[in-house]
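# Reading the structure
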Amino acid sequence: MAYESGEFLGIETLRQMYPDLDAVLNLTITHTMWRKRQTINMIASENVMSPLAMLVYLNDMMHRYAEGKPYKRFYQGLIYVDELEVKTQELMGELLGTKHVDLRPISGTIANATAFRTFTKPGDKAVVAPVQAGAHVSHTKFGTLGALGIEQIEMPFDIEEWNIDVDKARKLIEEVKPKIVTLGGSLYLFPHPTKEIADVAHAVGAKVIHDVAHVLGLVVGGAWENPLKLGADVITSSTHKTFPGPQGGIIASSNEEDYKEMGKVVFPMFVSNHHLHRLAAMAVTAIEMKLWGSEYARQVVRNAKALAEALAAEGFNVVMERKGYTTSHQVVVDVANLGRGTRIAKLLEDAYIIVNKNMLPWDRPEDVKDPSGLRLGTQELTRWGMKEGEMKEIARLMKMVVIDKRDPSEVRQKVMEFRREFLEIHYGFKLTREDEVKLLKIMLHAES
Ligand SMILES: *Cc1c(COP(=O)(O)O)cnc(C)c1O
């Protein structure tokens, strides 16, 4: 049967007529139901937007082009985009304590590329936080730094403190005299020493770029130090990890000159159009963080500590007990004796507990395919309204799978039952279903 008339047949009939369409809808809907209602998600780099942020994300700006910066564009049709972009910059600026915010990087990696390229030329040197201290691949010769032809020199790691070895790093920076020093990481339990490093970096004329991709939501909520207040010249970040916004990137600077220089690099070097529908969702999320960010960020960290303590009590080897396990949203578990990262992460997935395997400081490079750790994050659990008591329950569910070796499909039933109580997103505006439909009609059909 051909379908050319364009008449309304209803979605079920269309699915029967077009198996490809049916498959696409099935995968999308099943994924959404699974990850939003049935799983315990502890991927530390993920989050969920509020319903209002999601609805405004569907706006028409996703179809438009805006090369250049607000009020200095290469295309017409952007009179409202210009205003919205400036408003969003202002909102993020208020949260970060600076006027110099650029939202054009479309991801954290593009934010890093922009900052790195602004302050270096190919052949220059960068002193970077070591991979053992959690540095992201974009800070290494294998990632963005390498692609830009910048030489990577790692600061030494202090395994006792699970951090950069400050004294040795100072000497290294004095010796190497790099153009940039990078801090921040993807496995990030304790803040890197911004002030100590900034003092010596500035003395040799280097810029300090602190990548807060993982902890941006904690920074704006006041539960993690703001590197711009401690001497970092620039912060780069993703906007979708502990900060529960749309996927994207951001740069903020403590001074106007650096901001302007980076603005000349991000466009035209790393973005052309910058995915404009993000702006409205970012702005809504920023307003929500102004209202509830402090409460949210503090609960995230309390939950991480509670999860670490509960896992240790259940018999897991949680790293860094001597420093109270964590000051961020992350908890790191060494599962070398329990089957190693790859196997354990898969077993947990079978029980609908979603985590990722992670290299630990003592792993060898060849362990990358099967590292000894798991990295867990509490930011999304917190958004779903979970508190310390739920962290204990999650630790028990994890023990059933990993230590008691219960059948994951049996534990899955308990996970789904547990999850049923947490289906509303907290720390954001609440909408009635009526409001939601009203906004959807506007977004889909410009129909008010
Ligand atoms: C996730 C992450 C990035 C990359 O961000 P994307 O938005 O995925 O490009 C950069 N730096 C750090 C420290 C990260 O954790």
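If you look the protein chain up in an unreviewed UniProt entry, it shows as Serine hydroxymethyltransferase from Desulfurococcus mucosus. Looking at the protein chain in UniProt, the text filed under Cofactor (unreviewed entry) is "pyridoxal 5'-phosphate".

### Some details on the UniProt feature "site: Plays an important role in substrate specificity" (unreviewed entry) in the protein chain
UniProt tags His240 as "site: Plays an important role in substrate specificity" (unreviewed entry). In this structure, His240 sits in the loop between strand S11 (234-238) and strand S12 (249-253). Looking at His240, the relative accessible area reads 15%, which means it is buried. Residues within four places of His240 in sequence aside, it is in contact with Ser45, Glu46, Asn47, Gly245, Pro246, Gln247 and Gly248.

### Some points on the packing of helix H11 (residues 277-313) against helix H14 (residues 388-402)
Two numbers describe how H11 lies on H14: the axes approach to 8 Å, and their chain directions differ by 35°. The handedness of the crossing between H11 and H14 comes out as right-handed. Counted together, Gln299, Arg302, Asn303, Ala306, Leu307, Ala310 and Leu311 of H11 and Glu388, Met391, Lys392, Ile394, Ala395 and Met398 of H14 form the full contact between these two elements. Counted by class, the contact of H11 with H14 contains 8 nonpolar, 2 polar and 3 charged residues.

### Points about the nonpolar core
Among soluble globular proteins, nonpolar side chains are generally buried collectively. Membership of the largest hydrophobic core comes to 44 residues, with the highest contact counts inside it found for Met92, Leu96, Leu216 and Phe243. Within the residue set of this core, elements represented by two or more residues are helix H3 (51-57), helix H4 (79-96), helix H9 (216-220), S12 and H11. Looking at which element gives the most residues to this core, the answer is H11, with 12 residues. Two domains each put at least three residues into this core: domain 1 (54-285) and domain 2 (293-419).

### Quick notes on the domain arrangement of the protein chain
The domain boundaries assigned to the protein chain delineate domain 1 (54-285) and domain 2 (293-419). Inter-centroid distance (C-alpha atoms) of domain 1 to domain 2 is 28 Å. Taken together, the contact between domain 1 and domain 2 spans 23 residues of the former and 27 residues of the latter. Buried surface at the junction of domain 1 and domain 2, both sides included, amounts to about 2000 Å², of which 63% is carbon and sulfur. Area buried by domain 1 at its contact with domain 2 is led by Trp162, Leu189 and Phe190, which between them contribute 28% of it. The salt bridge involving Glu161 is made with Arg322; its shortest N-O contact spans 3.3 Å. The tally of links between domain 1 and domain 2 comes to 14 residue pairs in polar contact (both at pLDDT 80 or more). Looking at the side of domain 1 that touches domain 2 residue by residue, the class counts come to 13 nonpolar, 7 polar and 3 charged.

What counts and how
Residues numbered from 1 in each chain as written. Predicted model: local features only at pLDDT ≥ 70, side-chain atom pairs only at ≥ 80, totals over all residues. Heavy atoms only, no water. UniProt positions renumbered as here; feature names shortened; annotations may be inferred. Helix = DSSP H or I, 4+ residues; strand = E, 2+ residues; numbered from the N terminus. Buried < 20%, exposed > 50% of the residue type's maximum accessible area, 1.4 Å probe, protein only. Contact = heavy atoms within 4.5 Å. Axes fitted to C-alpha atoms, helices over the stretch in contact; angles between N-to-C directions. Left-handed = near helix turned anticlockwise from the far one by under 90°. Nonpolar A, V, L, I, M, F, W, Y, C, P; charged D, E, K, R; others polar. Core = buried A, V, L, I, M, F, W, Y, C linked by side-chain atoms within 4.5 Å. Domains from an automatic or database assignment. Buried area = accessible area lost by both parts, 1.4 Å probe. Salt bridge = Lys/Arg side-chain N within 4 Å of Asp/Glu carboxyl O. Polar contact = N/O pair within 3.5 Å; in protein donor to acceptor, adjacent residues only side chain to side chain.

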